[in-house]
Amino acid sequence: MAGIKEIRTKIKSVQNTSKITKAMEMVAASKMRKAQERMRAGRPYALKVRSMATHLMQANPDYSHPYLKESPSLKSVGVVVITTDKGLCGGLNTNVMRLVLGKYQEFRDQNVDVQFTALGNKGLGVLTRVGANVVTQEIGLGDKPEMDRLIGAIKVQMDDFEQGKIDAVYLATTRFVNTMRQEPMFVRLLPLPGKLHPENSLVSEEVPENLGDEQTDASAQSYSWDYIYEPNTKTVIDELLKRYVEGLVYQSVAENMASEQSARMVAMKAASDNAKKVIDDLQLVYNKTRQAAITKEISEIVGGAAAV
């Protein structure tokens, strides 16, 4: 059995750790509220531009943008991986990277070349360790996503797709569902899917919004969409699809940041609760050890007095 001094040192160490985890929990709770507000503020725009892009797939314009062209076969693809820069957020990064590495292995089994763009330090570290081809990276995104940095990082993937060097671009991130639940997602960014479902989208909303999207999808199937373009078809479609990509990437990063703070708050709360339990167990062992030492000393005194 450990000595009294060693147990006391362990208790002090766990108490210090508990103070740190409690402080991190409070900081994460504060940042979580702001991240969720930012995420929810961007959802209406992302939902609307997604809806417009879906309608465009049902239309028959006289101009076909490269983002709308399906490749007959996949020979090379690009993957944008969004993770956090810091750890201590539970299994958030582990879950999304497990999904990414599974898809990566599937592509390799089909002899499909894969190039990655890493947004976040944790994902970059994993991709580097497995020897993946990382063409661009952006780390240190902070607590608020900046559009210029995000678009600059994924521009290589967009240009390669337009030039025909890659046949598709995928996006891997974590979708925020609620404070206790975050879902890893792996969806196709380019070319635009012909049909977008709320359950397969990175930008889902509460029930009323989802029902509206389902009605929109149903109406899109019932008849063909058509538009009058001003000033011309090419200008409107180019700008719309550019905003679609920017909006989806920005919203994906915002969703991941909200998920990060929520997961960190939950993880730190669990760590604080576990620290309290460990302290209680150590305190019980400390009391038993101290009682045994006192009993031994009393026995020695009584024995000595009897001998005299």
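Scroll up to find the structure this text is about.
Described below are features of the structure shown in this document.

The rules behind these values
Residues numbered from 1 in each chain as written. Predicted model: local features only at pLDDT ≥ 70, side-chain atom pairs only at ≥ 80, totals over all residues. Heavy atoms only, no water. Axes fitted to C-alpha atoms, helices over the stretch in contact; angles between N-to-C directions. Helix = DSSP H or I, 4+ residues; strand = E, 2+ residues; numbered from the N terminus. Parallel < 35°, antiparallel > 145°, perpendicular 65-115°, else oblique. Left-handed = near helix turned anticlockwise from the far one by under 90°. Contact = heavy atoms within 4.5 Å. Nonpolar A, V, L, I, M, F, W, Y, C, P; charged D, E, K, R; others polar. Pairing = 2+ DSSP bridges. Phe/Tyr/Trp six-rings, centres within 6.5 Å; stacked < 30°, edge-to-face > 60°. Buried < 20%, exposed > 50% of the residue type's maximum accessible area, 1.4 Å probe, protein only. Salt bridge = Lys/Arg side-chain N within 4 Å of Asp/Glu carboxyl O.

**Focus on the packing of helix H2 (residues 92–109) against helix H3 (residues 121–129)**
Across the interface, H2 lies against H3 with an axial gap of 11 Å and an inter-helix angle of 40°. One element, H2, and the other, H3, form an angle in the oblique class. Handedness of the crossing formed by H2 with H3: right-handed. Contacts from Asn93, Met97 and Leu101 in H2 reach Lys122, Gly123, Val126 and Leu127 in H3. A per-class count over the contact of H2 with H3 returns 4 nonpolar, 2 polar and 1 charged.

**Side note on the sheet that holds strand S2 (residues 113–119)**
Pairing in this open sheet of 5 strands is mixed, and the strands run S3-S2-S1-S4-S5 from one edge to the other. Strand pairing shows two members of the sheet lacking a second neighbour, strand S3 (133–138) and strand S5 (181–190), which therefore form its edges. Adjacent strand axes in the sheet meet at a mean angle of 20°, parallel and antiparallel pairs treated alike. Judged from the 5 bridges that link them, S2 and S3 form a sheet pairing that is parallel.

**Some points on the packing of aromatic side chains**
One pass over the structure, following the stated rule, counts 3 aromatic pairs. Between Tyr104 and Phe116 the ring centres are 5.3 Å apart and the planes differ by 80°, which places this aromatic pair in the edge-to-face class. Pair noted here: Tyr104 is in helix H2 and Phe116 is in strand S2, with a separation of 12 residues, a long-range link. Per residue, the accessibility class of Tyr104 equals that of Phe116, and both read buried. On the numbers, 5.3 Å between centres and 20° between planes, the contact of Tyr170 with Phe186 is stacked.

**Points about the environment of Ala293**
Summarising the element assignment, Ala293 is placed in helix H6 (residues 233–307). A C-alpha to C-alpha distance of 9.0 Å links Ala293 and Ile4, two positions 289 residues apart in sequence.

**Some points on the pattern of salt bridges**
Per the stated rule, a full pass over the model turns up 12 salt bridges. In this structure, Arg33 engages Glu37 in a salt bridge whose closest nitrogen and oxygen atoms are separated by 3.3 Å. Residue Arg33 and its partner Glu37 are located together in helix H1 (residues 4–58), separated by 4 residues, close to a single helical turn. Glu37 sits in the partly exposed class, given a relative accessible area of 47%. In this structure, a network of salt bridges that share partners links the residues Arg175, Arg181 and Glu183.

All quantities given are derived from atomic positions and should not be read as evidence of function.
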